[in-house]
Amino acid sequence: MANESLKQQVATAALKYIKDDMTIGIGTGTTVHYFIEGLKNYRHRIDAVVASSIDTQNKLKNVGIPVVEMTSVNQIDLYVDGADEVNPHKQLIKGGGGALTREKIIAYNSKQFICIVDETKCVDILGQFPLPIEVIPMARSIVARALVQLGGNPVYRENFITDNQNIILDVNGLDIMQPIALEGELNQIPGVVSNGLFAQKTPQTVLVAKNNGITEV
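Residues numbered from 1 in each chain as written. Predicted model: local features only at pLDDT ≥ 70, side-chain atom pairs only at ≥ 80, totals over all residues. Heavy atoms only, no water.

Student: Quick question: what am I supposed to make of a nonpolar patch on the surface here?
Tutor: Residues Ile136, Met138 and Val193 make up a contiguous nonpolar surface patch of about 310 Å² in total accessible area. A residue is classified by how much of its surface remains accessible, and Ile136, at 40% relative accessible area, is partly exposed. (Patch = residues over 30% accessible without salt bridge, like charges linked within 9 Å, V, L, I, M, F, W, Y side chains within 5 Å. Areas by Shrake-Rupley, 256 points an atom, 1.4 Å probe, with all protein chains shown as cover. Salt bridge = Lys/Arg side-chain N within 4 Å of Asp/Glu carboxyl O. Buried < 20%, exposed > 50% of the residue type's maximum accessible area, 1.4 Å probe, protein only.)

Below you can see the structure in the form of structure tokens.
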């Protein structure tokens, strides 16, 4: 329950970044759920909201916030999302919820990206959390073999299909000392749609909830 309290605190702290008439992108995950709960009190100030997943879209609709498609907006003013890991350079591993590709699209098209995490997500070197990779189903074996050659141990995420109708391979054991280079290398494997490294496009701000308060990086 302590972690849940920290998640709620950091989600509440992110609400202060909302300004009138913004187009807002919203990520996926438990910490973001608390942000959505708080967002319902700001809905009269928001111009439009883009969701990174069907799950997030449903949660927004449940609190009375309408959602628009990414194709209907030119740019997102503010994107708020969580992370599975974050290092001191604000580089992330994301995709535990399986929405990494849509999250990356929204982050790329946002003026301001704010990541909200509790202190358990902060690491010195990325990779303790398995790296999710979204893969076109027919390429599952090809991609898995390529990942093994890179030193990884890919595990098929059973009984899970992404919102894009693809599969996820969760990869342990990769050397992520150079996240930017690895992000690009993984994307070159035929059949890879996207990977959960957010190193080339990082958040401008990371809000970290600790027992003694919120730290802004």
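Back to the write-up after that little detour.
Student: Sorry, what's going on with the sheet that holds strand 6 (residues 110-118) here?
Tutor: Where strands meet in a sheet, backbone hydrogen bonds hold them as pairs that are either parallel or antiparallel. Strands sit in the order 2-1-3-6-12-13 across an open sheet of six strands; the sheet is mixed. Only two strands of the sheet have a single neighbouring strand rather than two, namely strand 2 (46-51) and strand 13 (213-216). Geometrically, the sheet is characterised by an average inter-axis angle of 20 degrees between neighbouring strands, direction not taken into account. Note that strand 3 (residues 76-81) and strand 6 share five bridges and pair parallel. Looking at the pairing, Ile76 lines up with Ser110 of strand 6. Across the face of the sheet, helix 2 (residues 30-39) comes into contact with strand 1 (22-26), strand 2, strand 3 and strand 6 while running at roughly 150 degrees to strand 1. Its contacts with the sheet put helix 3 (residues 54-62) on strand 1 and strand 2, and the angle it makes with strand 2 is roughly 145 degrees. (Pairing = 2+ DSSP bridges. Helix = DSSP H or I, 4+ residues; strand = E, 2+ residues; numbered from the N terminus. Axes fitted to C-alpha atoms, helices over the stretch in contact; angles between N-to-C directions. Contact = heavy atoms within 4.5 Å.)

Student: It is not clear to me how the packing of helix 2 against helix 3 should be interpreted in this structure. Could you clarify?
Tutor: A pair of packed helices can be characterised by two numbers: the angle between their axes and the separation between those axes. Running from N to C, helix 2 and helix 3 point in directions that differ by 25 degrees, and their axes come no closer than 9 Å. When the axes of helix 2 and helix 3 are compared, the pair comes out roughly parallel. The hand of the helix 2/helix 3 crossing is right-handed. Contacts between helix 2 and helix 3 involve His33, Ile36 and Leu39 on the former and, on the latter, Thr56, Lys59 and Leu60. Grouping the constituent residues of the contact of helix 2 with helix 3 by class yields three nonpolar, two polar and one charged. (Parallel < 35°, antiparallel > 145°, perpendicular 65-115°, else oblique. Left-handed = near helix turned anticlockwise from the far one by under 90°. Nonpolar A, V, L, I, M, F, W, Y, C, P; charged D, E, K, R; others polar.)

Student: I keep staring at the environment of Ala48 and nothing clicks. Help me out?
Tutor: Within the secondary structure, Ala48 sits in strand 2. Apart from the residues within four sequence positions on either side, Ala48 is in contact with Met22, Thr23, Ile24 and Val68.

Student: When you look at the pairing of strand 12 (residues 205-210) in this model, what are you seeing that I'm missing?
Tutor: Each regular strand carries side chains that alternate between the two faces of the sheet. Counting buried residues along strand 12, five of its six residues qualify, which places the element largely inside the surrounding structure. Here strand 6 runs beside strand 12; their pairing, made up of five bridges, is parallel. By the bridge assignment, Cys115 is partnered in strand 12 with Val206. In the sheet, strand 12 pairs with strand 13 via four bridges, with the strands oriented antiparallel. Bridging from a neighbouring strand, Ala209 pairs with Ile214 of strand 13. Linking two consecutive strands that pair antiparallel, namely strand 12 and strand 13, is a turn of two residues.

Student: What is the right way to look at the sheet that holds strand 11 (residues 197-198) in this model?
Tutor: Reading across from one edge, 4-5-11 is the order of the three strands in this open sheet, with antiparallel pairing throughout. One side of each edge strand has no neighbouring strand; the edge strands of this open sheet are strand 4 (85-86) and strand 11. Where strand 4 meets strand 5 (residues 92-93), two bridges bridge the pair, whose relative direction is antiparallel. From the neighbouring strand, Glu85 faces strand 5, where its bridge partner is Ile93.

Student: Looking at this model, I keep getting lost on helix 6 (residues 179-187). Mind explaining?
Tutor: Given 3.6 residues per turn, any residue in an α-helix points the same way as the ones three and four places further on. Among the residues making up helix 6, those that are buried are Pro179, Leu182, Glu183 and Leu186. Down the axis of helix 6, the smallest arc covering the buried residues is 105 degrees, so these residues share one side. (Arc of directions from axis to C-beta.)

Student: Hey, could you run me through the nonpolar core in this one?
Tutor: Proteins that are soluble and globular tend to have nonpolar side chains buried together. Judged by nonpolar contacts, the single largest core of 27 residues is most densely connected at Ile26, Phe35, Leu39, Leu60, Ile116 and Leu207. Looking at this core, the elements that each hand over two or more residues are helix 1 (2-14), strand 1, helix 2, strand 2, strand 3, strand 6 and strand 12. Ignoring any residue separated from it by four or fewer positions in sequence, one finds Leu39 in contact with Leu15, Ile18, Ile24, Ile26, Ile46, Leu60 and Ile65. Residues Ile93, Ala139, Val143 and Leu147 belong to the second largest nonpolar core, which totals 21 residues. (Core = buried A, V, L, I, M, F, W, Y, C linked by side-chain atoms within 4.5 Å.)

Student: Can you help me understand the packing of aromatic side chains in this one?
Tutor: When we look at a pair of aromatic rings, we describe it by the centre distance and by the angle of the planes. A full pass over the atoms with the stated rule returns one aromatic pair. Look at Tyr79 and Phe113: their rings are 5.0 Å apart centre to centre, the planes differ by 35 degrees, and that puts the pair in the tilted class. Highlighted residues: Tyr79 in strand 3 and Phe113 in strand 6, separated in sequence by 34 residues. Sitting over the ring of Tyr156, Arg140 keeps its end group 3.7 Å from the ring centre. Arg157 extends its terminal NZ or CZ atom over the ring of Phe160, reaching a point 5.1 Å from the ring centre. (Phe/Tyr/Trp six-rings, centres within 6.5 Å; stacked < 30°, edge-to-face > 60°. Lys NZ or Arg CZ within 6 Å of the ring centre and 35° of its normal.)

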